[in-house]
Amino acid sequence: MLQKIRDTWNQPKSLKARRYANVFYDVSWNVLLLTIISVVLIGFLGAGIGAGYFASLVKDMPAPAYKTMTSQINTYSSTSDIYFGSGERIGNYTTDEVRVPVAVEKVSPFVVDALLATEDVEFYEHDGVVPKATLRAILQEATGSEDRTGGSTLTQQLIKNQMLTNEVSFERKAKEILLALRLEKAMNKDEILNAYLNVVSFGRNSMGRNISGIEAAARGVFNTSAEKLTLPQAAFLAGIPKNPFLYTPYYQGGVIKEDVSPAINRMKTVLNRMYVAGKITKEDYDAAYNYDITKDFMKTQSKPRDRYPYVVQWAEEDALIIVRDHMLKQDGVNLNELSADDRKEILNTYGRRAHNALRQGGYKIHLSLDKEVHESMQQPARNVNNFGPNNSPKVDPEQGPEQTAAIMLDNKTGRILGFVGGRYVNGKADDFNRARQMERQIGSTAKPLLVYANAIEKGLITTDTVIIDEKYKYQNGSNPNTVEINNEDLTFRGPMTARDALKQSRNVPAVKIYEEQADFRSDTEKLLQMGMNVPDDTRDAPSMALGVSSVKLAALASGYAMLANGGEHVEPYIIDRVEYQDEVIYEKNPKKTRIYSDRTAYLIVDMLRDVYTSGTATYAKSLLNVPGDWMGKTGTTQYIRDSYLVGSTPGITLAVWTGYDKENGLVDGQGYGRYYQRTQGMWSKIANNVYLDSPEVFNSNARFVQPASVRASDFGDSGSFSEKKKVEEKKKKEEEAKKKAEEEAKKKEEAEEKQEAEEKKQEAEEKQEADAAAKEKADAEAKAKAEAEAKKKAEADKKKAEEEAKKKAEAEKKAEEDKKKEDAEAADGA
C-alpha cells in the first residue's frame, strides 16, 4: 500500500494530478519552513525572555567567593556528646536536633548507591544542574501538576539546606541554580557528597528527636553506625529525605508509628532504582525487597536526661562554664577589669554563646564518672524500704519524701567516680541534684577536719590527751556565751581521751579544744582551702566546732579524702576534659593543696578507725561487706535535720547524707528504725553494691601507712591542752576532801561513840534509878495495895459483920414478932 502511494506520487497519471501534487508540495514545504523558523524564533525569544527573567531574579545576589561558599556549606551544627570516664557514651547535650558528622569514606557504599540512584543518578556527570530535569520541574510548578518528579540535584539540595531557605519561589530556584553551578567549581563531587550526607534530614530517631546526617540516622533508627548499614537499612534511610515527615518511622515522642507502610514502599522504590541502575544484583534486590525492616527498628529510647538525669544536668552546667570561660579567654576578656554590672552582662552574653555552641558545635564532654560505679550507687536510692516516712506528723505535709545524696571520689585524683543526686520516687528522679547543688550544715563531721586536726597540728592535743566531758557553756574568749552545750544523749561522761571523745562524737570536748586554740579565723581558713563555704560572719563563732556552716557534699567528701591522702587536698571534679574539632580545649588539672602534715592526717585517720570498730558507725560496719582499712565519721545537725556518714579507704571516699529538702527533722523510730540506721544502712548498701561490680576502686588490700613523722609519744597523753592535771587536781582535791571527810567522820564517829557510851551510862543510871524508883513504886504500890486490900477486907468484914448483925437483929425482931404473934394467937384462943 505504502509503495503504491509512493509510486502514484512520483509518477502521476495526469498533468492535473501532477500540478496538484506540486502545489501541495510547495505549500507544505513553505508551511513547514515557516513553522521551523517560527519555533526557532519563539525558542530564541523564550530563551531570551527566560534568560532575562533569570537575570532579573539573581541580579541583586552577589557571587560569593569560593572560600566563603565552601565554609558555609561545611558549617553545620553537630551535636555535643557526653561520655563516661570509662568511655561509654551517655548521650548528647540537650537539643532537639541530633547530628553526628561522619566522613563519606566511613559510610556504607549501599547508602551512597541508594541516594544517587534515588536522588541524583547523574551526580558524577552534571555540573550542578540537570537542565531537562529543571525545565520539567518548572513546567510542573507553573502548571500546578500533581505529579511532580522534582528537578534538584544533590548539589542544589545542599545549596537549599545550607545557603538558602525552603521558600517555594522562582527567585529562590534561580539563586539555587546559580549557586549550585558555582559550588561545583568550588568543591569536588566527593566533598559535595560528604557535606550532603551530613546535612540532609532523616526525620526522627527512637528518642523522638530530629536527626540530620546519615550517622545520626543510622544510630537513631537502627542502633548501628553508617559504616555498618545493610542494604535494606541503607535503602530505607535513603528514602526518608524525600519526605522526612511522612517516611520517618517514629512519632515526636520516639514511639514507632502504627503504620509504616509508606516508608516501606519508599524503601522498595529505592531498591528498584538501585537495581535498574545496576548497583545491586537481582538476588540482592529480592532479598532486600522481602526483608522485614521493622524488626531492625530501635524500640523507643529514653533521653539521656531520663536515663541519667543528674549526670546530664551536672555535665551540661559545668561544661557551659568551661566553654564560656574558654571563649572569654580566646577573646581576651579580663573580667577583673570590669565593673560588677559589666561583668554580669558579659557573663550572661558569653553564657548564651556557650550554650548555643554546645548545642550545635560538636563538643565532646568527657566526665570523670565510672559507669559501673555510678549505676551501682543508684540501686539503694530506688528502694523505698531504705527510707523513713514521706512526712513526719509534726511538719508541713508538703515537705516531700525523705531524701538522700551520695558522692564517691578517688582520694588521689579528686575524680568523682559516681554520685546519687536524690532518691527515685516511683522510679523517677526530680530536677534537684542534691549531690551538686545542696548546701547543708555538716554537724559532727566537721570535728576531725576543723577541731582535732588543727589541735594536733598546733600541739594542743594528741590521740590520748584527756578532756573532761562535763557541763559547759560556750566561752568565746572574753565574751562568755551563756548557751549551754549538750551532747546528743544529754549526758556527760567525765574524763575521756581525745580518741574516745571523737569516736563517741562528744560535743563538749570538741568545743573546749576549739575554744582553747583561740584562733578561729586561721582554723576556718583550712575549710576554705578545702572548698567549703564559711561565711565571714560565722568564722569567729565557736559553734563552728559542731559544724554549723553549710557545705556542699562534694566538698565534705574531699575533706576526708584529704585525710586519707596524707593531708593533701585534691579538688573534686566531674568533667575530665572537653574536646572541640579534635582539639582538647580543656583538661582538668586538679588543684592540690597541703592542708595538714602527714603526721596530723595519720593521727586523725587512726582515731577515725575506731568510729567503725567501737564508735558511732558500728551499725554501718555490721552491714558492710567491703573489706579494707576503713576510717570515717558520722554527723547529725540540730533537731536531727541532717544525718551523715563519711567513710574512706586508702582508695576512695564515700559520703552519704539523708534528710528532708525543707530541713525538717528526721523521724526517729516509729517503725522505721533509728534515723542514723537509715543513713548508715544507705551508706553500706551503696558501698556493697559498688564492691560487687567494681571492687578494685576501694583499694581494699592497702592500709593507711604510718609516716615516719609520727612518734610513739603521739599516742600518749600529751599536748598543752591536756586536762589530765585538772583531772588529777580534781582527783587530789576529791581524795583530800574524802580524807578530811573520813577524818571528820571518824571524829564524829568517836564523838558519837563517846556520846553513845555516856548516853548508855546515863541510860544505865537512869535505868537503875528508874528500877529503884520502880521498885520503890512497886513496893509502895504493893503496900498500898495490901493496905487497900486490908482496908477493903476490913470494910468487907465490917460490912459483913454489919450485915450479919443486921440479919441477926432482923431475925431477933422477926422472932420477937413471931412470939408476939403466937402470944396473940394464944390469947385469942384462950
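Looking at this model, I keep getting lost on the overall build of the chain. Mind explaining?
Scanning the chain from terminus to terminus reveals 27 helices and 21 strands. When burial is assessed residue by residue, the chain has 44% of its 830 residues classed as buried. Long-range contacts, defined here as pairs at least 24 residues apart, represent 71% of the contacts in the chain between residues at least 6 apart. Carbon and sulfur atoms make up 51% of the accessible area of the chain, which amounts to about 44100 Å² in all.

So what exactly am I meant to see when it comes to the pairing of strand S7 (residues 403-410) here?
With eight of eight residues buried, S7 is to be regarded as a mostly interior element. Burial along S7 is two-sided: the face carrying Gln-403, Ala-405, Ile-407 and Leu-409 and the face carrying Thr-404, Ala-406, Met-408 and Asp-410 are both buried. With eight bridges joining them, S7 and strand S21 (residues 652-659) adopt antiparallel strand pairing. Across the sheet, residue Asp-410 finds its bridge partner in S21, namely Ile-652. Note that S7 and strand S8 (residues 416-420) share four bridges and pair antiparallel. Bridge pairing in S8 links Met-408 to Gly-418. Where S7 folds back on S8, the antiparallel hairpin that results is connected by five residues, among which Gly-414 adopts a positive phi of roughly 85 degrees.

What's the story with unusual backbone geometry in this structure? I'm lost.
Leaving glycine out, the prevailing phi sign among residues is negative, and the prevailing peptide bond configuration is trans. Within the chain, Ala-518 stands out as a residue other than glycine whose phi angle is a positive 50 degrees. One can find Ala-518 in the loop between helix H21 (507-517) and helix H22 (520-529). You can call Ala-518 exposed: its relative accessible area is 63%. At Gln-581, a residue that is not glycine, the phi angle is positive and equals roughly 50 degrees. As for its position among the elements, Gln-581 is in the loop between strand S16 (575-580) and strand S17 (583-587).

Mind showing me how you'd approach a negative patch on the surface here?
On the surface, Glu-758, Glu-759, Glu-763, Glu-765, Glu-766 and Glu-769 cluster together into a negatively charged patch. Under the relative-accessibility criterion, Glu-765 is labelled partly exposed at 39%.

Whenever I open this one, the side chain of Glu-470 confuses me. Can you help?
For Glu-470, the location among the structural elements is in the loop between strand S10 (466-469) and strand S11 (472-473). At a separation of 2.6 Å, a polar atom in the side chain of Glu-470 contacts the side chain of Lys-512. For Glu-470, the contacting residues outside a window of four places in its chain are Phe-492, Val-508, Lys-512 and Lys-726.

What should I look at first to understand the pairing of strand S19 (residues 631-636) in this one?
Across a regular strand the side chains alternate sides, sitting on one face of the sheet and then on the other. By the criterion of burial, S19 is predominantly enclosed, with five of the six residues buried. Summarising the sheet, S19 and strand S20 (residues 642-648) pair through six bridges and their orientation is antiparallel. Within S20, the position partnered with Thr-634 by the bridge is Leu-645.

So what exactly am I meant to see when it comes to the pattern of salt bridges here?
Side chains that differ in sign of charge can pair as their charged atoms come close. Under the criterion given, the structure shown has 36 salt bridges. The shortest N-O distance in the salt bridge between Glu-402 and Arg-678 comes to 2.9 Å. Remark: Arg-678 occurs in helix H26 (residues 675-693) and Glu-402 occurs in the loop between helix H17 (371-382) and S7; sequence separation between them is 276 residues. For the pair shown, Glu-402 and Arg-678 are each scored as buried. We note a salt bridge from Arg-440 to Asp-642, for which the minimum N-O separation is 2.9 Å. Taken together, the residues Arg-440 in strand S9 (residues 439-441) and Asp-642 in strand S20 connect sequence positions 202 residues apart. Residue classification places Asp-642 among the buried residues on the basis of a relative accessible area of 2%. Linked by salt bridges that have partners in common, Arg-499, Asp-606, Arg-609, Asp-610, Asp-629 and Arg-703 make up one network.

I would appreciate a short explanation of the confidence of the model for the chain in the present structure.
For the chain, per-residue confidence averages 84 on the pLDDT scale, and residues scoring 70 or more make up 84% of the total. Counting interchain partners and residues more than four positions distant, the pLDDT-below-50 stretch residues 43-61 has 14 contacts.

Is there a simple way to explain the sheet that holds S19 in this structure?
Within a sheet, adjacent strands bond to each other through the backbone by hydrogen bonds, running parallel or antiparallel. Across the sheet, five strands lie side by side as S8-S7-S21-S20-S19; this open sheet has antiparallel pairing. Every interior strand has two partners, whereas the edge strands, S8 and S19, have only one. If you compare each strand with its neighbour and ignore which way they point, the axes differ by 5 degrees on average. Lying over the sheet, helix H24 (residues 598-613) contacts S19 and S20, oriented at roughly 65 degrees with respect to S19.

What should I look at first to understand H22 in this one?
Since the α-helix advances by 3.6 residues per turn, residues separated by three or four positions end up pointing in the same direction. For H22, the complete set of buried residues consists of Phe-520, Asp-523, Thr-524, Lys-526 and Leu-527. For H22, the angular spread of the buried residues around the axis is 130 degrees, confining them to a single face. Trailing H22 by a residue or two, Gly-531 shows a phi angle of about 85 degrees, which is positive.

Even after reading the chapter, I still don't get the nonpolar core, so can you show me in this structure?
One recurring pattern in soluble globular proteins: nonpolar side chains tend to sit buried together. Membership of the largest hydrophobic core comes to 122 residues, with the highest contact counts inside it found for Ile-407, Tyr-452 and Leu-654. Not counting chain neighbours up to four residues away, the residues in contact with Tyr-452 comprise Lys-447, Ile-461, Ala-498, Ala-501, Leu-502, Pro-509, Ala-510, Ile-513, Ile-604 and Met-607. Ranked by size, the runner-up nonpolar core spans 62 residues in total, among them Val-111, Val-112, Leu-115 and Ile-293.

Honestly, the environment of Thr-634 in this entry has me stumped. Any pointers?
With respect to the helices and strands, Thr-634 occurs in strand S19. Among the residues examined, Thr-634 registers a relative accessible area of 10% and is labelled buried. Separated by 23 residues in the primary sequence, Thr-634 and Trp-657 have C-alpha atoms spaced 9.9 Å apart. With residues near it in sequence (within four places) discarded, Thr-634 still touches Ser-444, Thr-445, Thr-616, Ala-617, Tyr-644, Leu-645 and Gln-680. Within the structure, Thr-634 has its side chain in polar contact with the side chain of Thr-616 (distance 2.7 Å).

I'm lost on the sheet that holds strand S6 (residues 364-367) in this one. Help?
Taken in spatial order, the five strands of this open sheet run S2-S1-S6-S16-S17, and their pairing is mixed. Only two strands of the sheet have a single partner each, and these edge strands are strand S2 (89-92) and S17. Put simply, the sheet's adjacent strands are angled 20 degrees from each other on average, direction ignored. As paired elements, S16 and S17 share four bridges and run antiparallel to each other. Looking across to S17, one finds that Val-578 is bridged to Tyr-586. The sheet strands contacting helix H15 (residues 309-330) are strand S1 (81-83), S2, S6, S16 and S17, and the helix crosses S16 at an angle near 60 degrees.

Rules of the game
Residues numbered from 1 in each chain as written. Predicted model: local features only at pLDDT ≥ 70, side-chain atom pairs only at ≥ 80, totals over all residues. Heavy atoms only, no water. Helix = DSSP H or I, 4+ residues; strand = E, 2+ residues; numbered from the N terminus. Buried < 20%, exposed > 50% of the residue type's maximum accessible area, 1.4 Å probe, protein only. Contact = heavy atoms within 4.5 Å. Areas by Shrake-Rupley, 256 points an atom, 1.4 Å probe, with all protein chains shown as cover. Pairing = 2+ DSSP bridges. Patch = residues over 30% accessible without salt bridge, like charges linked within 9 Å, V, L, I, M, F, W, Y side chains within 5 Å. Salt bridge = Lys/Arg side-chain N within 4 Å of Asp/Glu carboxyl O. Lys, Arg positive; Asp, Glu negative; His and termini not counted. Charge placed at Lys NZ, Arg CZ, Asp CG, Glu CD. Polar contact = N/O pair within 3.5 Å; in protein donor to acceptor, adjacent residues only side chain to side chain. pLDDT = per-residue confidence, 0-100. Axes fitted to C-alpha atoms, helices over the stretch in contact; angles between N-to-C directions. Arc of directions from axis to C-beta. Core = buried A, V, L, I, M, F, W, Y, C linked by side-chain atoms within 4.5 Å.

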